[in-house]
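Secondary and tertiary structure notes
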Amino acid sequence: MDARLEAIRDTVLARNPGEAEFHQAVVEVFESLGPVHDRHPEFLEAAILERLCEPERQIIFRVPWTDDAGRVRINRGFRVEFNSALGPYKGGLRFHPSVYLGIVKFLGFEQIFKNALTGMPIGGGKGGSDFDPRGRSDAEVMRFCQSFMTELYRHIGEYTDVPAGDIGVGGREIGYLFGQYKRITNRYESGVLTGKGVSWGGSLVRPEATGFGTVIFTQEMLKTRGTSLEGQRVVVSGSGNVAINAIAKAQSLGATVVACSDSSGYVVDETGIDVALLREVKEVQRARLKEYAERRAGVSYVDGGSVWDVGATVALPCATQNELDGGAAARLVRGGLVAVGEGANMPSTRGAIAVFQEAGVLFGPGKAANAGGVATSALEMQQNASRDSWSFEHTEERLTDIMVGIHERCAATAEEYGEPGNYVLGANIGGFVKVADAMLAQGLI
Ligand code: NDP
Ligand code: 2IT
C-alpha cells in the first residue's frame, strides 16, 4: 500500500478498535487508491480519505419489544449515515444476531462507493439490528419493526436518509416499518423507504434486482473473454432474496445452477435448481433449505460443510461476508473456475480475492456486481417522486443499462490505471473519484 495512505489507514484502524469487518473494507479500498492520489494530490490536501472514513452521523438506539409470551426483549438498533456528498444516505437495514457497529460500518462504507458507481444521486448509509427474526412469528416481527421505527423515524426522510432491506429484512419488514412511519408522522411519504410492495409505492423488479444485476454483471465480464453464461456450471451460496433471483436469472441465460446453501448446509441438484420450488420453500413457507431436498427427487442435502466444495465454472456468493476464504477459492480454481460475481457484500476474504486474481479468474466485487439492488431502489425513488409506476420490462431495461454501465465504468477505469481486467481497482477508483470530486466541490463538510 502507498505509504501516505498507510498512515491514514493506521489512524482509521486505531480510531475504530474491534471493528474487524470495517477495517477489512477500508484496507481493501485503500489498497486500490495509491495511483489516484498520485494524479490528484488535492484529495490528500483536503483530507478526503480521513473524512470518508468517519461517518457523518452514527445513531445507536434501544429497541424494546414484547415476544408472544409477553416477555420484554431488548435489542440494539443502528443507523450509520456515512456520506451524503452525492445524495440522501441510502442503504439497507440488516436484522441478524451478528449485527454490531463494525458490521453496519463496513456495509455503510461499501455502500458509498457502490452507490456512486450506479450513477444515481444517492449517498451511502446502512443500518440494522442484532434482532434475530428466525423462528419469530409475524406478530413478533411486526412489534419489533414498529418499535425500531418508533426511534428511527426522526432520523430518516425522502431527502435525508432512505433505508431498504438487507439480510433478514424483506417485503414483510418494509411493510411494517412503512406503516409505523406513516402512523407516527401522518405523512404518506413513499420515498422514505424502498423495497415496498407494488400496490403501495414499490417498484416492479426491485425484489429481483440484486440477483438479476449480479448475473448481468457476470455476463458482461464473461463477454470480455468471448464467452457467456450459456452452458456454465454455477454454484450459488445462500438461498435468500439475492441468491434465489441470481439462480433464476443465471438459468434463464442458459446456465445450470447445481447448488445453493443456507447457514445450516447445502443442496446439490445436478439437473439445475427448481426455482419455483425454492421460492415456495424459502419465500412462502419460510422453511429451511433442507426442505427443498426433501421435496425433490435426486437432490442431496449436505449438513454443514462448504457449498464451494461442489465445484463450478462460475461462483456467485450471495449469502454473507467472509463466506469464501482462500482455501475454498483455491479449490474452486483447481476445479476450473472462470468467473466470480459477488451478490453479497464482501463475501470473499482478501485471501480469496488474491487467489482469484492470481489465477486470472474474472472477479466482480460486490460493490459493483450487486449494485443492481440499490440502483433499482433509486428507480423506486424516481417513481415515487413522479407519482408514477413503470412496467416490469421498462424497469428491467433500466436495470440492465445500469449494470452494463457499471461494468463499463469499472473496466475503463482499470484500463486507465494500467490494470485491465482488475474490477476491484476499477470499482474502488471509479466510486471514490466521484465522491471525492463532490466532497471537494462542497467545501469542508
Ligand atoms: P436474505 O436474508 O434474504 O438471505 C440471506 C441468505 O444468506 C440466507 O440463505 C441465509 O441463510 C444466508 N446467511 C446469512 N447469514 C449467514 C451466515 N452468517 N452464514 C451462512 N449463511 C448466511 O438476505 P439477502 O439475500 O437480501 O442478502 C444476502 C447478501 O446480499 C448480503 O450480503 C447482503 O448484504 C447482500 N445484498 C443484498 C441486497 C438486497 O437488495 N437484499 C443488495 C445488495 C447486497 P440462513 O437463512 O440460514 O440464515
Ligand atoms: O447492500 C445493498 O446494496 C442493499 N442491501 C440494498 C440497499 C438499498 O437501499 O436498496
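Attention here is on the structure that accompanies the text. Keep in mind that this is a model prediction, so the values were computed, not measured.

**A look at the packing of aromatic side chains**
Tallied over the full model, the rule gives 17 aromatic pairs. Ring geometry for F178 against Y188: centres 5.3 Å apart, planes inclined by 70°, an arrangement best described as edge-to-face. Taken together, the residues span a long stretch of sequence, with F178 in helix α8 (residues 171-185) and Y188 in the loop between α8 and α9 (206-223) at a distance of ten residues. Residue classification places F178 among the buried residues on the basis of a relative accessible area of 3%. Here Y188 falls in the partly exposed class, since its relative accessible area comes to 48%.

**Here we look at the pattern of salt bridges**
Using the criterion set out here, one finds 30 salt bridges in the structure. Here D67 makes a salt bridge to R73, at a shortest N to O gap of 3.0 Å. For D67, a relative accessible area of 6% puts it in the buried group. When its relative accessible area of 24% is taken as the criterion, R73 is described as partly exposed. The salt bridge involving R136 is made with E140; its shortest N-O contact spans 3.1 Å. Owing to a relative accessible area of 5%, E140 belongs among the buried residues under this scheme. What you see here is one network of salt bridges that share partners, running through D2, R4 and D38.

**A short note on the pairing of strand β5 (residues 161-164)**
Alternating positions in β5 separate into two faces, D161 and P163 on one and V162 and A164 on the other, with burial throughout. Here four bridges tie strand β3 (residues 89-95) to β5, and the two strands are oriented parallel to one another. Residue Y89 lies in a different strand from β5, and its bridge partner there is D161.

**What about the site of ligand 2?**
Neighbouring ligand 2 are 14 residues; K90, K114, K126, D166 and S377 lie closest to it. Side-chain polar atom of R206 to an oxygen atom of ligand 2: 3.0 Å apart, as the coordinates give it. The side chain of N345 places a nitrogen or oxygen atom 3.0 Å from an oxygen atom of ligand 2. Here ligand 2 has 300 Å² of accessible area as a free molecule, and 94% of this is covered by the chains. Those elements that place two or more of their residues in the shell around ligand 2 are β3, α6 (101-118) and α16 (372-385). Per-class residue counts for the shell around ligand 2 are two nonpolar, seven polar and five charged.

**Quick look at the packing of helix α10 (residues 241-252) against helix α11 (residues 275-284)**
Between two packed helices, the angle of one axis relative to the other and the distance separating the axes together describe the packing. Between α10 and α11, the least distance of the axes is 10 Å, while the angle of their chain directions is 175°. Between α10 and α11, the angle is such that the two are roughly antiparallel. When α10 is examined against α11, the residues I244, N245, I247, A248 and Q251 are found in contact with a partner set consisting of V275, L278, R279, K282 and E283.

Definitions and cut-offs
Residues numbered from 1 in each chain as written. Chains lettered and ligands numbered in written order. Predicted model: local features only at pLDDT ≥ 70, side-chain atom pairs only at ≥ 80, totals over all residues. Heavy atoms only, no water. Phe/Tyr/Trp six-rings, centres within 6.5 Å; stacked < 30°, edge-to-face > 60°. Helix = DSSP H or I, 4+ residues; strand = E, 2+ residues; numbered from the N terminus. Buried < 20%, exposed > 50% of the residue type's maximum accessible area, 1.4 Å probe, protein only. Salt bridge = Lys/Arg side-chain N within 4 Å of Asp/Glu carboxyl O. Pairing = 2+ DSSP bridges. Near = heavy atom within 4 Å. Polar contact = N/O pair within 3.5 Å; in protein donor to acceptor, adjacent residues only side chain to side chain. Areas by Shrake-Rupley, 256 points an atom, 1.4 Å probe, with all protein chains shown as cover. Nonpolar A, V, L, I, M, F, W, Y, C, P; charged D, E, K, R; others polar. Axes fitted to C-alpha atoms, helices over the stretch in contact; angles between N-to-C directions. Parallel < 35°, antiparallel > 145°, perpendicular 65-115°, else oblique. Contact = heavy atoms within 4.5 Å.

By themselves, these observations are geometric and do not establish any function.
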